[in-house]
Amino acid sequence: MMNLRKFKTVVAALTAFALGIAVGPAAAAGDEDVRMEPAPVSRLDVESLQRGARTFVNYCLNCHAAKYMRYNRLTDIGVDIPQIQDNLMFATTKVGDTMTIAMRPADAKAWFGAPPPDLSVEARVRGADWLYNYFLGFYRDDESATGWNNLVFHNVGMPQVLWELSGSNRLVTKEFENVHEAEGAAIAAKGLAKVEHRAGGKVALLTLTGDGKGSQPEAEYRKTVADLVNFLDYMAEPAKNKRISLGLIVLLYLGVLFVFAYWLKREYWKDIH
Ligand code: HEC
């Protein structure tokens, strides 16, 4: 039997763990100085999920794994097995395999300064909005090791791997006398913007501007990113789609039941009125 002290320790550990989970995403998303755009994603849009899966296996699986995702699970979003084998599998030949990669974490750390984390449940850690803005937030920075930096993730070790699609963004810095002016300008800028407090009480507003050299025009790149984030969000919790469709069926059933119940009630009360 577990003695009381042990029990208390376990309870304390579990509480800390639960709090960590509760606080984690809030802290990650709650960086007050960054104004993010909401991610235009819909996890019931199967075509968007398929496009996102394609981008994911083409551009992300070189460095990141998704070890809780099996290739044959992609059948859930309407891709059949031959399509998976022909178009989506590069690292393995077995559709029952999980999405692992050949790179060793130690090598990755040496190359990038930080190992690329597994992305299976990344969307639960960061949230869809953060991920969407992360992929809008890359810009050229000659001082960083990879030549890239990110407005949402300062000094990130990951290069902008979608740069051929997006082109290269440049950082635009404007200084303001106080935080209210800077916040106002951030709202007026409408997109992703970061307000940074500088020495001497000055406040800087950081935004990005594209060079227009990407193979996709900006609106199309945003769609590509939205599809990718949609897929990351789906992958982090595939069963949620089942829950949503089950919920809709239940509501439909209740709706039909209501019609009959109402009709029955009218029948019963007809003679009394
Ligand atoms: C060239 C290797 C490489 C490729 C390709 C790559 N990444 Fe990364 N990624 C990294 C590294 C390294 C990090 C860790 C950066 C750090 O912590 O500074 C990272 C970090 C991330 C993070 C932040 C993780 C976190 O929460 O701290 C996300 C999200 C991410 N990558 C998503 C993707 C997606 C989606 C793709 C495909 C479009 C992709 N990456 C392609 C190397 C790569």
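Residues numbered from 1 in each chain as written. Predicted model: local features only at pLDDT ≥ 70, side-chain atom pairs only at ≥ 80, totals over all residues. Heavy atoms only, no water.

1. Examining the pairing of strand β7 (residues 193–197)
Along any regular strand, the residues point their side chains to alternate faces of the sheet.
Now for step 1: Note that strand β1 (residues 34–35) and β7 share two bridges and pair antiparallel. The partner of Val 34 across the bridge, within β7, is Lys 194.
Now for step 2: Where β7 lies against strand β8 (residues 203–210), four bridges are found, and the strand directions are antiparallel. Considered in β8, the bridge of His 197 is made with Val 203. (Pairing = 2+ DSSP bridges. Helix = DSSP H or I, 4+ residues; strand = E, 2+ residues; numbered from the N terminus.)

2. Brief notes about the packing of aromatic side chains
Now for step 1: In the structure shown here, the tally under the stated rule is nine aromatic pairs.
Now for step 2: Plain terms: the ring middles of Tyr 134 and Phe 138 are 5.1 Å apart, the flat faces sit at 55 degrees to each other, and that makes the pair tilted.
Now for step 3: Residue Tyr 134 is classed as buried on the basis of its relative accessible area of 8%.
Now for step 4: Look at Phe 231 and Tyr 234: their rings are 6.3 Å apart centre to centre, the planes differ by 35 degrees, and that puts the pair in the tilted class. Of the two residues, Phe 231 and Tyr 234 both sit in helix α9 (residues 218–236), three residues apart, roughly one turn of that helix. Exposure class is identical for Phe 231 and Tyr 234. Each is buried.
Now for step 5: Through a chain of ring-to-ring contacts, the aromatic side chains of Trp 130, Tyr 134, Phe 135, Phe 138 and Phe 153 assemble into a single cluster.
Now for step 6: Of note, Arg 126 hangs over the ring of Trp 130, and the distance from its end group to the ring centre comes to 4.1 Å.
Now for step 7: Over the ring of Trp 148 we find Arg 140; its NZ or CZ atom is 4.2 Å from the centre of that ring. (Phe/Tyr/Trp six-rings, centres within 6.5 Å; stacked < 30°, edge-to-face > 60°. Buried < 20%, exposed > 50% of the residue type's maximum accessible area, 1.4 Å probe, protein only. Lys NZ or Arg CZ within 6 Å of the ring centre and 35° of its normal.)

3. Focus: the environment of Asn 87
Now for step 1: Inspection of the secondary structure assignment puts Asn 87 in helix α3 (residues 81–88).
Now for step 2: You can call Asn 87 partly exposed: its relative accessible area is 43%.
Now for step 3: For the pair formed by Asn 87 and Val 57, sequence separation is 30 residues and the distance between their alpha carbons is 9.3 Å.

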